[in-house]
Structure formats: structure tokens, C-alpha cells
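Architecture and fold: a report
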Amino acid sequence: MTTHQIAVIAGDGIGREVIPAGMAAIEAATRGSGVSLAFTELPWGCEHYTRHGRMMDEGGLDRLAAFDAIYLGAIGAPSVPDHTAVWDLILPIRQRFDQWVNLRPMRLLPGLTSPLASRGAADIDMVCVRENSEGEYAGVGGRLHVGTPHEVAEQTGVFTRRGIERIVRYGFEIAMKRPRKMLASATKSNALQYSMVLWDQVADAVRQEYPSVEFRKYHVDALAARMVAHPGTLDVIVASNLFGDILTDLGSAISGSLGIAPSANISPERRFPSMFEPIHGSAPDIAGQGIANPIGAIWAGAMMLDHLGHRDLHDSIVGAIERVVASGKSRTPDLGGQATTKHLRDAICAQIG
């Protein structure tokens, strides 16, 4: 029996509803497989902040370092400023554990309807490789003369040759494994004359090592337009932290719902645990109603199994999601149905295996 130790941070809002659904799907997939996941639930998030003034326990990062992976639900509540929630939990985990790859599939599953007219599953099948450790989210900057008419805020994007090179190379490696072997680089070098010019130069150097991959660079605004107007012309996208964050929300929207989208924060060297989460937020407007879509969390759990070395279990879960969605029988309100979180969870678990 192979046992993996998993830290579970369900977090806030609908995170507490979708992560149990993901755990149920994982347990269904691993049953009888010789693989088990031992879950340790950590009650961190905005409620913890309200009670203790911290998003996680003191020494929380040291505790997380002992796990094989982290399974995260959603972080955020109206009572806590968004930047506090993100900078006191999510970004410290990503940075401390060198999770420099954020991998986000963007697929229109068979049976779902895209808001883009006349687009089917064959037209929307992309994956974004987002740089996850530097760029615009490096945390460099500050504010001066706060509260006065002369207040100044500076947010500095940090781009390193090493950081760009490794994420672009990772993007090429992903593209090499996909049938179309296409890589699009998101840039804005016409306006950002230092950071994005370096990005372009490094990407152009790395592309020489992958002659079999069709490579194109797009200004990020043009790339966003292409995702809407011609999604079938895109395959793998490599992007900076900010650009990747924005483009993947757009990708999820054209795929039918933000609720279906998974995300993996990967530490490729495996010296630290990687973290897996749905990309949606805590959705306080529907929290507690039992109608949140658990597919993003279930799919993120499948990506965690793949990262842990169990591709067959990943495929079992994703196949179950595809069959349930294609049937049209169990859909939460975001997908145009009336199913509850539990109903959709049970339908997927019944299809696993």
C-alpha cells in the first residue's frame, strides 16, 4: 500500500463544500488500487484570521513542508481584505515552496455550452502554463504619504532570466506532449520595454531547442481576443503571473463556468509539496446553500493524483467527470441545472472506475 500525506485547507465559503466532494472522489478512485491518501484537515482561512489575527497557525509553513501535497479549497471572506487573505496564506505557500508553475487546463467538456456561439468541445482545449513565483505578484513595492493628497503606490514586477527561462521551457515540454504541439507566448513588449522585452528575448532563445513546436508570441490583449474569436487556434499558452491569472479566468468562462476549472501549483523539483485547488473563489453569495459546482475541486484532486504518480487514477476521475457532464443529468446552477453539490458529487463518484 502506498500512502500519501495530504494537507487539506478547505478554507472559506464554498471551499468547505467542494473540497469534501473532491476528497470523496479521490477515495472512490483509490479504493482497491493499492494507493491511499491520508488527509489532515487544517482549519485555516478567514475565520481563523478573525479569531487569531493570522490566516494560518504560527509555524504553519513548516508544518506544511512535511506533507506530500496540499489540497486547497478557497480563501476569502467579506470581513477580511482580499490582499490580506492572499498575501497571508496563498502567496506565502507558493513562494516558500517554490511552486513556480501554475498549470491550468481550459477545456469545453462535451455536453457543455460555451458562451461563444457555435463552439464545441473540439474548439476549446487549451492549457495555460503560468509563471507562479515572480512577475507582478513578487510583492515588491510600497506606499508613501498614505491618506494624503500626495499618496503614492508602487507595485514592481520582478522578472529574472532564470524565472522566465524555466517557465517557458516547461511550456514547451507540455506542448511537446500534446497532439498539436503549439505554444503561444503572452507578452506586452510594445509597452513594457524592460520586463516583457526580456521575456521575449528569453522565449526566443528557448524556442531554438524545440523546433518541432509551433511557436508564436501575441500581445496579451490580442491573445485574449483570439481566445474569444478563434479559440481553436490555441493550444498551450505560457504567460507571466498576472497575464496568466487573467487569461485563465477568461478561458474558464468560455469553457462554460469558472466552477469547472482546476489549478495546480507545482514545485517541479519536488523538494517541497505542490498545491492543488479549483481556480474559483469562496463565492460568499452562494456559500452554505449546497449548490456550488464541485467539478473544479474534483478535477484539481485528479491533478494531485497525477502529480503523485498515479496517472491512471487521474484518468479515472476525469473520465467520470466527462461522462456525467455529457449525460446532462446532473448540473449545478452555474451550468444551467438544479443539482446540488452533493448530487453532482455522488453522480461523479458513481462513475469513477
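A short tour of the structure in this document, coming up. (Residues numbered from 1 in each chain as written. Predicted model: local features only at pLDDT ≥ 70, side-chain atom pairs only at ≥ 80, totals over all residues. Heavy atoms only, no water.)

Our next topic: the pattern of salt bridges. The final tally for this structure, using the stated rule, is 22 salt bridges. Put simply, E322 and R107 hold a salt bridge, and the shortest N to O gap is 2.8 Å. In this pair, E322 is assigned in helix α10 (residues 311-327) and R107 in strand β4 (residues 101-107), connecting sequence segments 215 residues apart. What makes E322 partly exposed here is its relative accessible area of 27%. As a salt-bridge pair, K342 and D346 come within 2.9 Å of each other at their nearest N and O atoms. (Salt bridge = Lys/Arg side-chain N within 4 Å of Asp/Glu carboxyl O. Helix = DSSP H or I, 4+ residues; strand = E, 2+ residues; numbered from the N terminus. Buried < 20%, exposed > 50% of the residue type's maximum accessible area, 1.4 Å probe, protein only.)

With that out of the way, let us pick up the environment of F172. Tracing the sequence through the fold places F172 in helix α5 (residues 161-176). The buried category is assigned to F172, whose relative accessible area is 0%. Remark: the alpha-carbon pair of F172 and F215, spanning 43 residues in sequence, is separated by 8.9 Å.

Time to look at the nonpolar core. Y71 and I237 are the most contacted members of the largest nonpolar core, which totals 90 residues. Setting aside anything within four residues of it in sequence, one finds I237 in contact with M106, M126, V127, C128, V129, L183, A184, L223, M227 and L247. (Core = buried A, V, L, I, M, F, W, Y, C linked by side-chain atoms within 4.5 Å. Contact = heavy atoms within 4.5 Å.)

Attention now goes to the packing of aromatic side chains. Scanning the model with the defined rule gives four aromatic pairs in all. Ring centres 6.0 Å apart and planes at 80 degrees place the aromatic pair W100 and Y170 in the edge-to-face group. Of the two residues, W100 is situated in the loop between α4 (82-96) and β4 and Y170 in helix α5; the sequence distance between them amounts to 70 residues. Taken together, the ring pairs connect F172, Y210 and F215 into an aromatic cluster. (Phe/Tyr/Trp six-rings, centres within 6.5 Å; stacked < 30°, edge-to-face > 60°.)

Attention now moves to the pairing of strand β10 (residues 236-239). Side-chain alternation along β10 places V236 and V238 on one buried face and I237 and A239 on a second face that is also buried. Looking at chain direction, strand β5 (residues 125-131) and β10 are connected through four bridges and run parallel. Its bridge partner lying in β10, V127 is registered against V236. (Pairing = 2+ DSSP bridges.)

This brings us to the packing of helix α1 (residues 15-30) against helix α9 (residues 295-307). Contact geometry of α1 with α9 gives a least axis separation of 8 Å together with a crossing angle of 45 degrees. Between α1 and α9, the angle is such that the two are oblique. Handedness of the α1/α9 crossing: right-handed. Contact residues: α1 offers V18, I19, A21, G22, A25, I26 and T30, while α9 offers A297, I298, G301, M304 and L305. Residue composition of the contact of α1 with α9, grouped by class: nine nonpolar, three polar and no charged. (Axes fitted to C-alpha atoms, helices over the stretch in contact; angles between N-to-C directions. Parallel < 35°, antiparallel > 145°, perpendicular 65-115°, else oblique. Left-handed = near helix turned anticlockwise from the far one by under 90°. Nonpolar A, V, L, I, M, F, W, Y, C, P; charged D, E, K, R; others polar.)

Next up on the list: α9. Under the 1.5 Å per step criterion, the end-to-end length of α9 is 18 Å for 13 residues, consistent within 8% with the ideal 18 Å. Of all 13 residues in α9, twelve are buried; the element is thus mostly enclosed. Three or more residues of α9 are buried, namely I295, G296, A297, I298, W299, A300, G301, A302, M303, M304, L305 and H307. Immediately downstream of α9, the backbone of G309 shows phi near 100 degrees, a positive value. (Expected span 1.5 Å × (residues − 1).)

This part takes up the packing of α10 against helix α11 (residues 341-351). Put simply, α10 and α11 touch, their axes get as near as 8 Å, and they point 120 degrees apart. By the angle between their axes, α10 is oblique relative to α11. Judged by the sense of rotation from one axis to the other, the crossing of α10 with α11 is right-handed. Between α10, through A320, I321, R323 and V324, and α11, the contact on the second element is made entirely by L344, A347, I348 and Q351. Class assignment for the residues of the contact of α10 with α11 results in six nonpolar, one polar and one charged.

Our focus in this paragraph is α1. Side chains three or four residues apart in an α-helix point the same way, a direct result of the helix having 3.6 residues per turn. Over its 16 residues, α1 extends 22 Å from the first C-alpha to the last, a length consistent with the 22 Å expected when each residue adds 1.5 Å. Most of α1 sits inside the fold, with 13 of its 16 residues counted as buried. Phi turns positive one or two residues past the end of α1, at G32, with a value near 75 degrees.

Here the focus is the sheet that holds strand β2 (residues 35-41). In space, the ten strands of this open sheet follow the order β2-β1-β3-β12-β11-β4-β5-β10-β8-β9, with mixed pairing throughout. Two strands in the sheet have a free side with no partner beyond their single neighbour: β2 and β9 (214-219). Looking at each pair of strands side by side, their axes are set apart by 25 degrees on average, direction ignored. Relative to β10, strand β8 (residues 182-187) runs parallel, the two sharing three bridges. When the sheet's bridge partners are listed, L183 is paired in β10 with V236. Against the sheet, α4 touches β1 (2-11), β3 (69-74), β4, β5, β11 (262-266) and β12 (274-278), its axis set at about 140 degrees to β12.

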